[in-house]
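# A structural walkthrough
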Amino acid sequence: MLAKLPPFIVRRGPLLLRKIHMPSLTGPRPVDWKSAAPPIPNFAPQHDSLPRLPVPNLTGTLKRLKMSLLPLAHSEAEFADAAKKIDAFGSHAGSGNLLQSRLLQRANEREQWLEEWWDNLGYLGYRDSVVVNVSYYYGFDGQPAHLPQSPAARAAGLARGALVFRQKLLSGQVSPDGTKEGQFCMDTYRWMFDCCRIPGLQGLDWSISHAGFKADELGHIIIVRRNRFWKLKGIVNGRILSMAELEKQIQYVYDSTTEEYPGVGVLTASNRDVWAKDHAHLAANPHNASILHTIHSSAFLISLDTDTPTSPVDHSRSLWHGSLSPSTSDAPGLKNRWVDKPVEFIIFDNARAGLMGEHSVMDGTPTARMCDEVLDWLADPAFDLGVPSAIPPPEPEPLDFVVDDTTRTAIDKASKAAYELADSQSMSYHLTSYGKAAIKAFRVSPDSWAQMIIQLAYARFLRARGLNREGGTYEAATTRKYWKGRTETIRVVTSQSDAFVSAMDDPHISHEDRKQLFDAAAKSHIVLAKAAGTGEGVDRHMLGLKLCLKEGEPVPELYNDPLYKRSGNWVLSTSAVFSDHFPVYGWGEVVPEGFGVAYMTGYDGTFKWDDYVRVLSFTHIHTDRLQYTVTSRKEMPNQEFMDEIARAAVDLYDLHAGQLKSML
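Model, not experiment: these values are computed from the prediction.

## Concerning the overall build of the protein chain
Assigned secondary structure in the protein chain consists of 22 helices and 20 strands. A compact globule built from 664 residues would reach a C-alpha radius of gyration of about 26 Å, and the protein chain, at 25 Å, matches this within 12%. The proportion of buried residues among the 664 residues of the protein chain is 60%. If you sum the accessible surface of the protein chain, you get close to 26000 Å²; carbon and sulfur atoms cover 54% of it.

## Here's the deal with the sheet that holds strand S14 (residues 425-431)
Judged by pairing direction, the sheet is mixed, and its six strands sit side by side in the order S14-S20-S19-S17-S15-S16 without closing on themselves. Two strands lie at the open edges of the sheet, namely S14 and strand S16 (487-491), each paired on one side alone. On average, each strand axis in the sheet is tilted by 25° relative to the strand beside it, whichever way the strands run. Relative to strand S20 (residues 627-633), strand S19 (residues 595-600) runs antiparallel, the two sharing five bridges.

## So, empty space enclosed by the protein
Each pocket or cavity is described by its volume, and for the largest cavity that value is around 150 Å³. Around the largest cavity, the lining comprises 19 residues; the ones closest to its centre are Leu53, Gln112, Leu114, Thr479 and Thr487. If you list the elements that add at least two residues to the lining of the largest cavity, you get helix H6 (115-124), S16 and helix H19 (539-547). Looking at the lining of the largest cavity, the element that brings in the most residues is H6, giving three residues. Residue classes in the lining of the largest cavity are distributed as six nonpolar, six polar and seven charged. Reported here for the second largest cavity is a volume of approximately 80 Å³. For the lining of the second largest cavity, a count of residues per class yields three nonpolar, two polar and six charged.

## Thoughts on the confidence of the model for the protein chain
A residue-level look at the protein chain finds 92% of positions with pLDDT of 70 or above and a mean pLDDT of 92. Note on residues 7-22: pLDDT under 50 across the span, and 39 contacts to partners over four residues away in sequence or across chains. In the model, residues 606-622 has pLDDT below 50 throughout and makes 35 contacts with residues more than four positions away in sequence or in other chains.

## Details of the sheet that holds strand S6 (residues 220-225)
Reading across from one edge, S13-S7-S6-S10-S11-S12-S1-S18 is the order of the eight strands in this open sheet, with mixed pairing throughout. In this open sheet, the two strands that pair with only one neighbour each are strand S13 (397-399) and strand S18 (584-586). On average, each strand axis in the sheet is tilted by 25° relative to the strand beside it, whichever way the strands run. As judged from the six bridges shared by S6 and strand S7 (residues 228-233), these two strands associate in the antiparallel manner. The partner of isoleucine 221 across the bridge, within S7, is leucine 232. Helix-sheet contacts for helix H8 (residues 243-256) involve S6, S7, strand S10 (300-304) and strand S11 (344-347), and the interaxial angle to S7 is about 160°. With respect to the sheet, helix H13 (residues 364-379) is in contact with strand S1 (136-139), S11 and strand S12 (353-357), its orientation differing from that of S1 by roughly 20°.

## Considerations on unusual backbone geometry
Despite not being glycine, aspartate 194 shows a phi value in the positive range, around 60°. Among the structural elements, aspartate 194 can be located in the loop between strand S3 (182-183) and strand S4 (195-198). Residue aspartate 194 is classed as buried on the basis of its relative accessible area, which comes to 1%. The phi dihedral of serine 329 is positive, around 50°, even though this residue is not glycine. Relative to the helices and strands, serine 329 resides in the loop between helix H11 (312-320) and helix H12 (332-335).

## Some remarks on the environment of cysteine 195
Mapped onto the secondary structure, cysteine 195 falls in strand S4. Taking relative accessible area as the criterion, cysteine 195 reaches 2% and is therefore assigned buried. As a C-alpha pair, cysteine 195 and proline 342 span 147 residues in sequence and 7.5 Å in three-dimensional space. Ignoring anything within four residues of it in the chain, the contact list for cysteine 195 reads Arg190, Ile208, Ser209, His296, Ser298, Lys341 and Pro342.

## So, helix H7 (residues 151-170)
With 20 residues, H7 should cover 28 Å at 1.5 Å per step; its first-to-last C-alpha distance of 28 Å lies within 8% of that length. Counting buried positions along H7 gives 17 out of 20 residues, so the element sits mostly inside the fold. Directly beyond the C-terminal end of H7, a positive phi value near 80° is found at glycine 172.

## So, the UniProt feature "active site" (unreviewed entry) in the protein chain
The UniProt record annotates "active site" (unreviewed entry) at His359. With respect to the secondary-structure elements, histidine 359 resides in the loop between S12 and H13.

## A few points about H8
When the terminal C-alpha atoms of H8 are compared, their 20 Å separation across 14 residues agrees well with the 20 Å that a helix rising 1.5 Å per residue should span. By the burial criterion, the buried members of H8 are Met243, Glu245, Leu246, Gln249, Ile250, Val253 and Tyr254. Along its buried surface, H8 packs onto H7, S6, S7, strand S9 (239-240), S10 and S11.

## Observations regarding the pairing of strand S5 (residues 206-209)
Side chains Trp206 and Ile208 project from S5 onto one buried face, and the interleaved Ser207 and Ser209 project onto a second face that is buried too. Summarising the sheet, S4 and S5 pair through four bridges and their orientation is antiparallel. Across the sheet, the residue bridging to cysteine 195 is serine 209, located in S5.

Rules used in this analysis
- Residues numbered from 1 in each chain as written.
- Predicted model: local features only at pLDDT ≥ 70, side-chain atom pairs only at ≥ 80, totals over all residues.
- Heavy atoms only, no water.
- Helix = DSSP H or I, 4+ residues; strand = E, 2+ residues; numbered from the N terminus.
- Rg over C-alpha atoms; globule rule 2.2 N^0.38 Å.
- Buried < 20%, exposed > 50% of the residue type's maximum accessible area, 1.4 Å probe, protein only.
- Areas by Shrake-Rupley, 256 points an atom, 1.4 Å probe, with all protein chains shown as cover.
- Pairing = 2+ DSSP bridges.
- Axes fitted to C-alpha atoms, helices over the stretch in contact; angles between N-to-C directions.
- 1 Å grid on protein atoms, 1.4 Å probe; cavity = no way out; pocket = protein on both sides within 12 Å on 5 of 7 lines; lining within 4 Å.
- Points joined across faces, edges and corners; volume = space filled by probe spheres on them.
- Nonpolar A, V, L, I, M, F, W, Y, C, P; charged D, E, K, R; others polar.
- pLDDT = per-residue confidence, 0-100.
- Contact = heavy atoms within 4.5 Å.
- Expected span 1.5 Å × (residues − 1).
- UniProt positions renumbered as here; feature names shortened; annotations may be inferred.

See below:
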């Protein structure tokens, strides 16, 4: 699952004249900001029906921690020293039991012991730009052949589909996510539409939801073209506009926006403290404050970009951070965005499309489901595209900020900072020649298989450069079986995975022994993944214990141990989602010396690629495949690591195919 670690002329008109109830945009964060967002009505009973996130047993967590440190130790002495600190922390005389009792008390006094800490420390207190560092993207497959092929039609189809999903969600027609074992918590779905992240002046952001206000003030969409913002009423008198009506409205925006406007949107990509000050300056002007309110309360945002990406990497980068202008050290693509919106569709001038997601209070799986269902609907000729009304809807309304010298200077600085950030990144992309169907035929978990490819590739990558491993591998596991659960860390590196990796390049180890070591590594990974999904991990619990320290109390020695700290240095940040409509998706690395590895394992030969391959020239796409995207800073040998992933994928297949042949 996707969960990344821890962003011109004054115009008269109704926007200036109408009195709108607007919460303060420049004051301190409201204490009740999260509870102020109304729940989705049919999911409210989950508050009582779902179990609470448990506080793990201290002994169990310390045992798992110790096991996770063993393969990451650079020497036996280093591991022994860390193990001694773990034992001391968990002893009767250690501070672990006292902190555990405080954490248990917190859990008894709150409906979710981790939520506030995770919101603040994982996301809302993070002050670097959310672009690259936090936000994620999904790239969509091509417009279905039975629909008009213009960019306006592409945007209109996505807009109608998303409004239909929103309507179903708010009216209780969206079924809960889950597995055969039970429902998943749907609480974060309330942060999908009609809301926005707000930059905080005091070091903590928050999100504001306008859901539950007057219906006639909701359901509008923000369209951005050439940096100019427009308000489009997607719902009129309770009726979602038809695709034809939306297409006409969006085409009006294209036709009416032929010149560039000041790129106010790029301010949202700044360091969060910088953006908070710029945001406060904007909001001090009543006209600008009303525009900000309209953006914040919009159902979602559609960016009509001028890019025309064709390759997978171009498609990815255009979604991830927008176009760049090396000649001027400028980031024009981000001027046409508002990256604080949780749902921002992006339509390019060649009708390619995708989504950029804000990650703070909602992980990627809800938006993945929404996009997947919308794209399924649009691919079905029977989907109701709506019937135009005899009464034309109101034309889109331009929202032109008052841009003074202070804001103009801020835009220039923000754009250059965004350019430097985006230009510092490297990306590679790979599709294997086999996928889920083949892996399942070998009776292996596709996720464990994909992770062992990454482990083998990274070990070879380090060995070729004479480097030690200086961190762990993060994989996100969902804890949504619990009320307000989000994620726990799967610490992928194990002694079993290291033994398998070592054996693959040891000529003295037989084919059969390598296969047995792989099986042991995959089994260990499955055990860890299942445990993490029940809240039995390491990292969230250890964080909670540390946060239970009172002011003035010494930090336990364990937390400063070099090996312990190294184990949380996520040199490989990995996660997976699946949609057969996402030929590209990803996010950024989380440490300067690391890689972000987004992968998909769900392709099994059922998806039809002909039209998309023709349009995007993805000549190497296979219907049954694994999909990898790797991000890193430019100074990291990104393509070299991806080359090792490609080689490891072949070697893993050959390992299993060879054994299968020997058994026939």
